Amino acid sequence: LIDECVSYSDVYDIKYNVKKSVTLTVRSISDKNSVFGDFKLGDCPLPNVSNVKYLGHIINDKLNDKLDIERQQRYMYVKGNIIKRKFAKCSDCVKVLLFKSYCFNLYTPQLWCHYDATSLNNFVISYNQAFRKIMGIPSFTRARFMYTHYNVASCGEVIRRNIFKFLNLILKSDNIVIHNIMNSDVFRGSLLNRRWKEKLCSPLIHNYSFHIIINSV
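Residues numbered from 1 in each chain as written. Predicted model: local features only at pLDDT ≥ 70, side-chain atom pairs only at ≥ 80, totals over all residues. Heavy atoms only, no water.

Undergrad: Would you mind going over the confidence of the model for the chain with me for this structure?
TA: Close inspection of predicted coordinates is inappropriate in any region flagged by low pLDDT. Scored by pLDDT, the chain comes out at a mean of 87, with 93% of its residues at no less than 70. Below pLDDT 50 for its whole length, residues 204-217 participates in 19 contacts with residues either more than four positions away or in separate chains. (pLDDT = per-residue confidence, 0-100. Contact = heavy atoms within 4.5 Å.)

Undergrad: Looking at this structure, how should I read unusual backbone geometry?
TA: The phi torsion of most residues other than glycine is negative, and most of the peptide bonds are trans. Not every positive phi belongs to a glycine, and threonine 108 is a case in point at roughly 60°. Residue position: threonine 108 is located in the loop between helix H3 (92-103) and helix H4 (117-135). Even without being glycine, asparagine 151 reaches a positive phi, approximately 55°. As for its position among the elements, asparagine 151 is in the loop between helix H5 (143-150) and helix H6 (155-171). Residue classification places asparagine 151 among the exposed residues on the basis of a relative accessible area of 59%. (Helix = DSSP H or I, 4+ residues; strand = E, 2+ residues; numbered from the N terminus. Buried < 20%, exposed > 50% of the residue type's maximum accessible area, 1.4 Å probe, protein only.)

Undergrad: Which parts of the structure should I look at to understand the packing of H4 against H6?
TA: Across the interface, H4 lies against H6 with an axial gap of 9 Å and an inter-helix angle of 110°. It follows from the interaxial angle that H4 and H6 lie roughly perpendicular. Here Leu120, Phe123, Val124 and Tyr127 of H4 lie close against H6, whose contacting residues are Cys155, Val158 and Ile159. Residues of the contact of H4 with H6, tallied by class, amount to 7 nonpolar, no polar and no charged. (Axes fitted to C-alpha atoms, helices over the stretch in contact; angles between N-to-C directions. Parallel < 35°, antiparallel > 145°, perpendicular 65-115°, else oblique. Nonpolar A, V, L, I, M, F, W, Y, C, P; charged D, E, K, R; others polar.)

Dropping the structure here:
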């Protein structure tokens, strides 16, 4: 496949940026100690990395979302500290508006499916802590109470909104490839599909609710 890219570039006079090109090897349990050969783009060897950021989303060689959740966690702390430092004297209404504008804008949480409870809990904590710092709320205040009081969505609600919007977007797509993937047995049995069901539907009515969501689009 790489050789085909090189041939295409020669025909159409395209130059690839070798410095930004890397390879990532996803290993199974049986071949975790295996040694794979080097890949080259033309005459330039490509470095093999354990993780890479693609379109802002971090992909690693274990295909889990731990690193991407940590990326979003750092972003939440940074945004919370910036808002607290620059807008400390603003009214509560302004602070809430700023929090909604900057901290609701999560990037690709709808793609998180392979993670442990600790990683996601740490992200939820960063979301809660950012809101507490901005609003000057004591750390012992229950999250449900403060979000209800200020009419702000919790972290779980924000993630569910992202999943629902993304699901509606891809179901409304006219792209035949996306349509075939969404209706395939592979997707229906995938971990991503199960995670979406867990987030969007009650455990007692998973199949029924998810069927209604899909047919209502």
